[in-house]
Amino acid sequence: MRISTLIFCLLCFGAVSLRAQEAPARWAIRLDLAQHPASLAVPRFNPLHPGLRAGLVYHWNQHPRHRLKQGAYLGYFYHQHLQHAAQLYTELSYEWVLGQGVRLTPLALGGGYVLSVSDAPSVTWDPSSQGYVSQAFPARSNWLLSLGSELAFSPGWEIARRPFTLALTYRIQVQGVFMRENIPVMAYAPLMLGLSLPLQATD
């Protein structure tokens, strides 16, 4: 077989395969388990800093290969002796469908809000008593920036008539202003293992 004939057959097969792929559901729900190490870029697993993230994802288009998605997320993670952090943020991402159920998101970019509650004893200056007093709820409002990528796989199985997708997500997240006096920002490199389901069941 000539090489030109082989290339032509492969292109035809690829075109048929693309047409056969179903368009994604517009809306999906998402749940992730996370490890949130305080690190600039490299994830670590010692010590453990557990987290959880839930989200709602919208597909802006339904192209068989190239998709633009918007996610709204509510997350929580815990660092012993440092903070409890509740995150509320959004991300815009580009997804590339590679085939055979595999999808790659090379870029996700977003930001939002963090409610940080100190996990260490915290005091504040009281002008009336001219002394320090303990804070009952030492909370700070911070901003959040998020950047990263994701690898997802759809095995073709269903939960409650909804085909599910498994995803391994990597992010670099920056939280600020963490402590205005000496730690303006905190960087994290969370890894997340997630499951997503379309909101609408298949027929």
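See the structure above.
Predicted model, so just to flag it, every value in this text is computed and none were measured.

Caption draft 1: Seen up close, the overall build of the chain. Within the chain, the regular secondary structure consists of one helix and 13 strands. Ordered by position from the N terminus, the helices and strands of the chain form the series α-β-β-β-β-β-β-β-β-β-β-β-β-β. Considering the chain as a whole, with its 203 residues, one finds that 33% of them fall into the buried category. For the chain, long-range pairs separated by at least 24 residues make up 59% of all intrachain contacts whose partners lie at least 6 apart in sequence. Split by element, the accessible area of the chain, about 12,300 Å² in all, is 68% carbon and sulfur.

Caption draft 2: Up close: the pairing of strand β4 (residues 83-99). Looking at chain direction, strand β3 (residues 66-79) and β4 are connected through 14 bridges and run antiparallel. Each residue of the ladder has a partner; that of Y78, found in β4, is H84. If you look at the hairpin formed by β3 and β4, you'll find three residues sitting between the two strands, and H81 has a positive phi there, around 65°. Connecting the antiparallel pair β4 and strand β5 (residues 102-118) is a turn made up of two residues, with Q100 showing a positive phi of about 55°.

Caption draft 3: Representation of the pattern of salt bridges. Scanning the model with the defined rule gives eight salt bridges in all. In this structure, the salt-bridge partner of R67 is E95, at a minimum N-O distance of 3.7 Å. Residue R67 is found in strand β3, and its partner E95 is found in strand β4; the two are separated by 28 residues along the sequence. For the residue pair R67 and E95, the accessibility class agrees, reading buried in each case. Each of the salt bridges in this network shares a partner with another, and the network as a whole consists of R30, D32, R53, E91, E150 and R171.

About the thresholds
- Residues numbered from 1 in each chain as written.
- Predicted model: local features only at pLDDT ≥ 70, side-chain atom pairs only at ≥ 80, totals over all residues.
- Heavy atoms only, no water.
- Helix = DSSP H or I, 4+ residues; strand = E, 2+ residues; numbered from the N terminus.
- Buried < 20%, exposed > 50% of the residue type's maximum accessible area, 1.4 Å probe, protein only.
- Contact = heavy atoms within 4.5 Å.
- Areas by Shrake-Rupley, 256 points an atom, 1.4 Å probe, with all protein chains shown as cover.
- Pairing = 2+ DSSP bridges.
- Salt bridge = Lys/Arg side-chain N within 4 Å of Asp/Glu carboxyl O.

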